[in-house]
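As a plain string of letters, each chain reads:
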Amino acid sequence: MHHEIQKMREIALVYLDRSGGLQKFVHDCKKYNDSKQSYAVYRFIISINPSDIAELDATLGNYILHNPIQAAQIFQSVCFVAVKTLSLIEQLQTEAQISVLLKPTHLPPLPSYVLSLSAFPFNHTSQRFYMSEGIAIAMGTVTKYTQGARFLCTEETCPFSEGFRYIRVHLPGATESATVRNDFVCSLCSSPLQEDMKFRVLGDKQIVEMIDAKVLNALKGYSNDKSHFRIQTFTVFLRDELANKMKIGNHYKIIGIPACVQNGLQATACIEVNSVQLCKPNGPSFVSDNFKYLLSLTSSSCWRFTAILANIFASQVVPPGTYNTLKLAILLSLVQTCEKENADYLDLLIVTSDTLVIDRLLNYSICLLPRGIRHPPSSEIFPSVSKDKHGTGSASIHACSAVLAKGGICYIGDLSSYKKDKLELLQSVLESRTTTVFIPGKKYGEEADQQVTISVQTNFWSFVDVDSSSKKHIQKDNFLIGQMDVSLIPPNLLDVFGLLIYREFPSCRPSSLVHHILKKAINPEAMLYKVSQQFRMQDYEEFILFAKNLHVELSSEAENLIQGYYLASRRVRRDSIHGSTLSASALKILISLSKAHTKLSLRKKVLEEDALIAILLLESSLTLKHGKSPLCIAPNPVFPFDLSDENSLQQRDSYLMQCHHQLLKFIGAYGPGIHTNANEE
């Protein structure tokens, strides 16, 4: 056995030399040596490529993968010999003072190296490297732990009463009491050992709760997936350079060593992490042939493809041709989702009395995204803080619906069911796209209070039940033409929602909706329409994932049209007390809507046609909030009549061209350079 160990040491030295690890080790030693300070433990990180080292020597490669703690001792011996031979650290006295952390770049892509708490058996006793992935749903604050400590024999005549014979170093899965406690005895004279506090080495530690990404399927309001699975959180420890490497709500792939940590009578399965890698979802590089064929058929108009998409969308939930404006807004919001900072968000607020149908439609729609979350009323929308359950007494921040929906949709249900403080918090988040968690220092054992700011990168969907609104509030009498009573919702909150949509009455006969609901109640799996077979839910999922990843740019013509409408609207929508009733966020919403329509059309350049749809949708929303303007659009401007055949599509194109001409006249009359009396209108 000694011969094999010696051979592996030689191979380890060769690998360090060839991989550049030896050069890095020498550089790290120079830092320690230059400090002229004596440490109990000298810590070194060695990057290991399992493929390269297995080619060099299969025995050592296997040893590193399956006995990483023992393998670290081999590299520890090599490093100690290198330090002494090359005189790299003058202060170093014993091999025990060197602590080596092996960091594999990857693991073999085999099932035996994948660890999942949703699968059995969970072998937490084999202390070898595993790969796992999941979403960070709770994060503790960074605290200190003992990285290493020096102990001395209390018997003064004992040779081990000085020097660096007894060095305790943290091992994966070890608790603080395993590294530092007062019942150690000298191996030479059996006298008690006492820690030399001057040489204690502290490191950073952060506890993170992760959960299998399958949990996202469980948090959707509706799913075709009938499989059953077990979901449980697992604890990961991030130490030293890995502390704060994770962000709450993100999806990560980790490599680490599983362990079982005892906390009183409870045992917790955990993973000591060696490396962290952010998982970024890659959208499909294709759309289905049926969508391609539909795009080619409608290539003569920039409006027809998206009109037909909205017309046939969600035919499993509502009949084709119903709720077209709402379905178009849903599709626009779906393609305007991403995890980038300062993204173009598109939030929807629907005013309706058909809460059951709207709820089903929104539930169906969020399932088209990997991160579509239906917020359960019993939990919090935004992150909250509580005491860490592992007995440290520190604070732990918990991700809630809005953070778990990162890069997707957070559907928060009926807005009128929330109290005033929740609505104010929602307004603040919609304005800044961040939320702040306050951590009182006294409560969580810290010297000072902390404030942690968390970005919220998601679109919010909600609805308001007009019947509920009319019961709870006395309606006003002084409505402007086209204005709705939404007094249940604070005006400032209405302004920060991208679109306010009134659920239009089904343009086809109401009996078709009733007929659809009854048939689906009898046979939920039934395909009632041919388009449901031609354009399946999976096809829409692939289409949206492809469209949302398109990078689009504004053309100068579209930009001029948007700016002209925005400035003209600010002039005509104003009162003598508050000034302009058009919020500053309206320009961002217009740009977001225009880009979304371009993506939905599978183009990369925002045209005037896209800007026109955006303007009509926003103008319709503003009319519901503040009443009609001199632009004077129709009640349902984007879908003024049924789309039943080629002629109806042609008729809609002609109508939209008239709207474009009317918009240009409006901009010419009230846009920049035109001086009008603000009180004339």
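Quick caveat, the model's predicted, so the values are computed rather than measured.

**Q** Explain the overall build of the protein to me, please; I cannot follow it from the model alone.
**A** Across its full length, the protein holds 22 helices and 23 strands. Buried residues in the protein amount to 52% of all 681 residues. A separation threshold of at least 6 residues defines the contact pool for the protein, and within that pool the share at least 24 residues apart is 74%. In the structure as shown, the protein presents an accessible area of about 32300 Å², 53% of it carried by carbon and sulfur atoms.

**Q** For this particular structure, what's the right way to read the sheet that holds strand 11 (residues 348-352)?
**A** By way of backbone hydrogen bonds, the strands of a sheet pair with one another, either parallel or antiparallel. In spatial order, the strands read 12-15-18-11-19; together these five strands make up an open sheet with parallel pairing. The open sheet has two edge strands with one neighbour each: strand 12 (372-374) and strand 19 (499-502). Each adjacent strand pair in this sheet contributes to an overall mean axis angle of 20°, direction not counted. Sheet topology places strand 12 next to strand 15 (residues 409-414); three bridges connect them, and they run parallel. In the strand pairing of strand 15, Gly372 is matched with Ile409.

**Q** How should helix 9 (residues 304-312) be read in this particular structure?
**A** Side chains three or four residues apart in an α-helix point the same way, a direct result of the helix having 3.6 residues per turn. Counting buried residues in helix 9 gives nine out of nine residues, a clear majority hidden from the surface. Within the span of helix 9, buried status applies to Arg304, Phe305, Thr306, Ala307, Ile308, Leu309, Ala310, Asn311 and Ile312. Buried-residue contacts for helix 9 involve helix 8 (289-297), helix 10 (324-335), helix 17 (530-534), helix 18 (537-548), helix 20 (586-600) and helix 22 (646-670). Ala314, located one to two residues past helix 9, shows a positive phi value of around 55°.

**Q** Explain the pattern of salt bridges here, please?
**A** Pairing between side chains becomes possible if they bear opposite charge and their charged atoms approach one another. One pass over the structure, following the stated rule, counts 20 salt bridges. For Lys30, the salt bridge is made with Asp34, and the minimal N-O distance between the two is 3.1 Å. Within this pair, Lys30 and its partner Asp34 are both found in helix 2 (residues 21-35), separated by four residues, close to a single helical turn. For Asp34, a relative accessible area of 48% puts it in the partly exposed group. The salt bridge involving Arg304 is made with Glu646; its shortest N-O contact spans 2.7 Å. Residue Arg304 is found in helix 9, and its partner Glu646 is found in helix 22; the two are separated by 342 residues along the sequence. Taking the relative accessible area as the measure of exposure, Arg304 reaches 5% and is therefore buried. Its relative accessible area of 52% is what places Glu646 among the exposed residues.

**Q** Could you clarify how one ought to interpret the packing of aromatic side chains in this entry?
**A** What characterises a pair of aromatic rings is the spacing of the ring centres plus the angle enclosed by the ring planes. Tallied over the full model, the rule gives 18 aromatic pairs. Plain terms: the ring middles of Tyr32 and Tyr39 are 5.6 Å apart, the flat faces sit at 70° to each other, and that makes the pair edge-to-face. The buried category is assigned to Tyr32, whose relative accessible area is 19%. Here the aromatic rings of Phe160 and Tyr166 are separated by 5.6 Å at their centres, their planes lie at 85°, and the arrangement is edge-to-face. Grouping residues by exposure puts Phe160 and Tyr166 together as buried. The ring of Phe164 carries Arg150 above its face, with NZ or CZ at 4.3 Å from the centroid. Seen from the ring of Phe639, Arg652 lies directly overhead, with NZ or CZ sitting 4.7 Å from the centre.

**Q** Hey, could you run me through the nonpolar core in this one?
**A** A general feature of soluble globular proteins is that nonpolar side chains tend to end up buried together. Residues Leu334 and Tyr565 are the most contacted members of the largest nonpolar core, which totals 89 residues. Sorting elements by how many residues they give to this core places helix 21 (residues 608-626) first, with nine residues. Residues contacting Tyr565, with those up to four places away along its chain left out, are Leu590, Ile615, Leu618, Glu619, Leu622, Leu631, Leu663, Phe666 and Ile667. Core analysis: the next-biggest nonpolar cluster, separate from the first, contains 56 residues, Ala136, Tyr252, Ile373 and Cys410 among them.

**Q** Sorry, what's going on with unusual backbone geometry here?
**A** The phi angle of most residues is negative, glycine excepted, and most peptide bonds adopt the trans form. A positive phi angle, close to 55°, is found at Asp240, a residue other than glycine. Locating Asp240 in the fold gives a position in the loop between strand 8 (234-239) and strand 9 (251-263). For Leu602, which is not a glycine, the phi torsion comes out positive at approximately 60°. With respect to the helices and strands, Leu602 occurs in the loop between helix 20 and strand 23 (605-606).

**Q** What am I meant to see in the packing of helix 10 against helix 18 here?
**A** To characterise two packed helices, one gives the angle between the axes of the helices and the distance between these axes. Between helix 10 and helix 18, whose axes approach to 8 Å, the crossing angle comes to 55°. By the criterion of interaxial angle, the relationship of helix 10 to helix 18 is oblique. Contacts between helix 10 and helix 18 pair Leu331, Leu334 and Val335 from the former with Tyr540, Ile544, Ala547 and Lys548 from the latter. For the contact of helix 10 with helix 18, the per-class residue count stands at six nonpolar, no polar and one charged.

**Q** Can you walk me through helix 4 (residues 58-66) in this structure?
**A** All of the buried residues in helix 4 are Leu60, Gly61, Tyr63, Ile64 and Leu65. Looking at the buried residues of helix 4, the elements they touch are helix 1 (2-19), strand 1 (42-48), helix 3 (50-56), helix 5 (68-86) and strand 2 (98-104).

**Q** It is not clear to me how the state of the cysteines should be interpreted in this structure. Could you clarify?
**A** What the rule picks out here adds up to zero disulfides. Counting only cysteine sulfurs, Cys79 is the nearest neighbor of Cys29, a cysteine outside any disulfide, at a range of 7.3 Å. Judged by relative accessible area, which is 0%, Cys29 ranks as buried.

**Q** I keep staring at the environment of Lys599 and nothing clicks. Help me out?
**A** Structurally, the position occupied by Lys599 is in helix 20. Taking relative accessible area as the criterion, Lys599 reaches 10% and is therefore assigned buried. As a C-alpha pair, Lys599 and Leu550 span 49 residues in sequence and 6.3 Å in three-dimensional space. The residues contacting Lys599, other than those within four sequence positions of it, are Val335, Gln336, Ala547, Lys548, Leu550 and Val552.

Rules and cut-offs
Residues numbered from 1 in each chain as written. Predicted model: local features only at pLDDT ≥ 70, side-chain atom pairs only at ≥ 80, totals over all residues. Heavy atoms only, no water. Helix = DSSP H or I, 4+ residues; strand = E, 2+ residues; numbered from the N terminus. Buried < 20%, exposed > 50% of the residue type's maximum accessible area, 1.4 Å probe, protein only. Contact = heavy atoms within 4.5 Å. Areas by Shrake-Rupley, 256 points an atom, 1.4 Å probe, with all protein chains shown as cover. Pairing = 2+ DSSP bridges. Axes fitted to C-alpha atoms, helices over the stretch in contact; angles between N-to-C directions. Salt bridge = Lys/Arg side-chain N within 4 Å of Asp/Glu carboxyl O. Phe/Tyr/Trp six-rings, centres within 6.5 Å; stacked < 30°, edge-to-face > 60°. Lys NZ or Arg CZ within 6 Å of the ring centre and 35° of its normal. Core = buried A, V, L, I, M, F, W, Y, C linked by side-chain atoms within 4.5 Å. Parallel < 35°, antiparallel > 145°, perpendicular 65-115°, else oblique. Nonpolar A, V, L, I, M, F, W, Y, C, P; charged D, E, K, R; others polar. Disulfide = S-S within 2.5 Å.

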